[in-house]
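Survey of secondary and tertiary structure
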Amino acid sequence: MSAIEGLETAHHHHEVEHEHHHEEQNFWQKYIFCEDHKVIAKQYLITGILWAVIGISMSVIFRIQLGLPDSNLSWLKPVLGGWISDSGKLDPNFYLALVTMHGTIMVFFVLTAGLSGTFSNFLIPLQIGARDMASGFMNMLSYWFFFLASVIMFVSLFLQAGPAAGGWVIYPPLSALPQAHPGSGMGMTLWLVSMALFIVSQLLGGINYITTVINLRTRGMSFDRLPLTIWSFLITAVLGLISFPVLLSSVLLLIFDRHFGTSFYLSDIYINGEALPNVGGSPILFQHLFWFLGHPEVYIVLLPGLGITSEVIATNARKPIFGYRAMIASMLGIAFLAFIVWAHHMFVTGMNPFLGSVFMFLTLIIAVPSAVKGFNYITTLWKGNIVFTPGMLFSIGLVSLFVSGGLTGIILGNSALDIQLHDTYFVVAHFHLVMGAASAFGLFAGVYHWFPKMFGRMMNTTLGQIHFWFTFVGIYLIFIPMHYVGIAGFPRRYYQFTSYDFTHKFMDMNMFISVAAIFSFLAQFIFLWNFFYSIFKGKRAPQNPWRSNTLEWTAPIVPGHGNWDGEIPAVYRWSYDYSKPGAKEDFIPQNIPYSQTLESNLPHENELISTEKVIESQNFNDQFKSSH
Amino acid sequence: MESVHQYKVDKEPQETLAMDPMKFILWLFLVSIIMLFASQTSAYLVRRAEGNWLEFEMPKIFWYSTVVLLLSSIAMQWAYFSAKKDQFKQLKIAISITFVLGLVFLAMQFEGWKQLVSMNVYFVGNPSGSFFYVFTGLHGFHIISGLIVLFFSWMAAFRLNVHAKNLRKIQICVTYWHFLDILWLYLFVFLLTFN
């Protein structure tokens, strides 16, 4: 606050209105109902980590059931109670609930809220040079709506009839009729309420991200100087803004069907020989609406990870990102295509084959921008002075998973091949690699890379590297064999495979997958210990631990509310000036003017020196008018 | 909110692309509403193409309610022009008319539902009728939210807080109200065309 005194000239008369910013905040304002984007980001991160522990634990339980069907699960009785039978068997209905909740939790609560919520909130204001989000209040609301959604979803796990069990895609009639499954009663109701609140949370957050990126950039931060992280968060938020209302729409009609007796999705259904009154509905309609969200959701999950990777790879390869504009264009291309490929999830719904071929064509086009991204990451790494920090390892791991998972996407995108592979473990392996594990690697990369900025301390590098190798090897050991199981015809969501002839010879492979899953699960505790220990006891972080160019490293090591003590730095160059020929250091931060780096300027950059005066004379675009 | 507003009033050179964040947020909010109704109407078309579709004639009262909503939009615009010229008396009249017409519109929509019921078109039944109730109901829900926004502007107007130098609140209100009007026109024409 003291550093800013001298700057308050023209703005001085506004100080009275802003007096409330300077009041001491109590515990509730500071840590609970906080409007500071950094605290909200940490709230999202911790909530996301807790959900990840629950979600991944669930997958381990059903992997034990699948791979080791004869095992005695009595030791889980203290946690699962009545869901384990007296002979130590997992209840088949609860198996379905586990699969459903694993999907819901991982896709929405961990990789959407935990990833986007954490890094969009944390990095957008810090990297574009803003004091906070456009509306701190809406941002706070966004988290608390998410929290409420989390509580309701969590409560549904403890219902006597079990949580929702119709798969995370909640297709009717399974999800619409309470008679369909014990979990389709109250469990499904709570699922729908929770998701409706979740959608509100995502819209509040997303609207804020877009507004902040477009309106609150600092002096000189033009769109072609934005770090790729910010581009990816912006595009992610736009995807969410357009697709989440459609999910709300489909959920709304489902609620009407369930509770008011309408027939949007239900028709000609007989239960115990008696016809239900519902006539004229179409379950396929739900799938259309759901996948219009569902497909963009895949990119909502993945794009932030790709953005984080771009930043981490360029920083730690000490090279400018290869094809900055191509990266933006490919993200825009992926985002656009995301909206016109949804029916590739529905090839086997009896769709007109011609329509199927159109969607197949559009789907395969996604390979083009994805390949551009893959090539650009690899060419950025090419001949770089690579520093293998844990964040960098996870970023390279993401590229590997993105490529190997993406290749099977080309197979699944073919409507003819999909007839064989639809709803098999091949699909499960594909999307876990390309969307699940890749995004999770993005999340890990982000946490390792920005941990010093979040908590002012460093995480243990060796433990991080061990965590990476165990996870990376573990993920491939799980999912590569899973492709084979899928081609052999194992269907998804089956309780056990012991009673079919064709599955017998794959039982050891299934067991291998389960053992690898347990191994990878245990490896995550290395991360958890490293994370929570380092928050309190980690080494103190230096100002710029990775020698990075972006603006967040110019803020104090532990920034207060308002981020910069003095005025917000102006921006004169893009964020990828690493190892520039002629420069003294191998990085030049974005706030260094060209006039100070004459030795390394290219001819066209020397011409930009004359514009620096203009940039400096622009107003601060400072929403608080001062720091705090 | 206040700090952003103060920023608007400053006589300073504008930073590149610094629109009023609050208005920008409103526009993004409208985008999400557009997507909500776009998905509803496309669901309607997809379902309609499958056949087994009950056809019925839209009750006349929806024509009248459309006129009422259009009139309220005109009154809203009048209120805005009055606020710009600091004509407080006209502002108060215009904004009150808008509010009352909004309430009348809601009442007429409800009356329309009653007439549908008397025509044996129910919410529970053929999806063609269900969709009609969902469209009008969802739009009515947004009209209620619009009336709440309008109510705050109305209070501000009566406290003389809306004037040529403090237009932000009423600008947001005007944009939202016109949007709800255009949204209804879309739904109305849509329901007429694809019944």
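Now for a quick tour of the structure. The model shown is predicted, which means the values in this text are computed figures rather than measured ones.

Quick word on the overall build of chain A
- Secondary structure assignment for chain A yields 17 helices and two strands.
- A compact globule built from 628 residues would reach a C-alpha radius of gyration of about 25 Å, and chain A, at 25 Å, matches this within 12%.
- Based on the C-alpha atoms only, the size of chain A along its principal axes is roughly 80 × 55 × 50 Å.
- Across the 628 residues of chain A, 53% fall into the buried class.

A look at unusual backbone geometry
Residue and element names in this part refer to chain A.
- Note the cis peptide between Pro172 and Pro173, where omega equals 5 degrees.
- Non-glycine residue Arg318 carries a positive phi angle of around 50 degrees.
- Structurally, Arg318 is set in the loop between α8 (283-316) and α9 (324-338).
- Of note in this structure, Arg547 is not a glycine but carries a positive phi near 50 degrees.
- Relative to the assigned elements, Arg547 resides in the loop between α16 (507-537) and α17 (603-617).

A look at the packing of helix α4 (residues 92-128) of chain A against α8(A)
Residues and elements named next belong to chain A.
- As a packed pair, α4 and α8 sit with axes 10 Å apart at the nearest point and diverge in direction by 40 degrees. Comparing their axes, α8 and α4 come out oblique. Crossing hand, α4 versus α8: left-handed. For the pair α4 and α8, contact is made by Val107, Leu111, Thr112, Leu115, Ser116, Phe119 and Ser120 and by Glu297, Ile300, Val301, Pro304, Gly305 and Ile308, respectively.

As for the nonpolar core
- Leu234(A) and Ala438(A) are the most contacted members of the largest nonpolar core, which totals 218 residues.
- With 22 residues, α4(A) is the largest single contributor of residues to this core.

Points about helix α2 (residues 21-48) of chain B
- Taking 1.5 Å of rise per residue, 28 residues should cover 40 Å, and α2(B) covers 40 Å from first to last C-alpha, within 8% of that figure.
- When we look at burial in α2(B), the residues that qualify are Pro21(B), Ile25(B), Leu26(B), Leu28(B), Ser32(B), Met35(B), Leu36(B), Ser39(B), Gln40(B), Ala43(B), Tyr44(B) and Arg47(B).

Cut-offs used in this document
- Residues numbered from 1 in each chain as written.
- Chains lettered and ligands numbered in written order.
- Predicted model: local features only at pLDDT ≥ 70, side-chain atom pairs only at ≥ 80, totals over all residues.
- Helix = DSSP H or I, 4+ residues; strand = E, 2+ residues; numbered from the N terminus.
- Rg over C-alpha atoms; globule rule 2.2 N^0.38 Å.
- Buried ≥ 20, exposed ≤ 12 C-beta atoms within 10 Å, placed from the backbone.
- Axes fitted to C-alpha atoms, helices over the stretch in contact; angles between N-to-C directions.
- Parallel < 35°, antiparallel > 145°, perpendicular 65-115°, else oblique.
- Left-handed = near helix turned anticlockwise from the far one by under 90°.
- Contact = placed C-beta atoms within 7 Å.
- Core = buried A, V, L, I, M, F, W, Y, C linked by C-beta atoms within 7 Å.
- Expected span 1.5 Å × (residues − 1).

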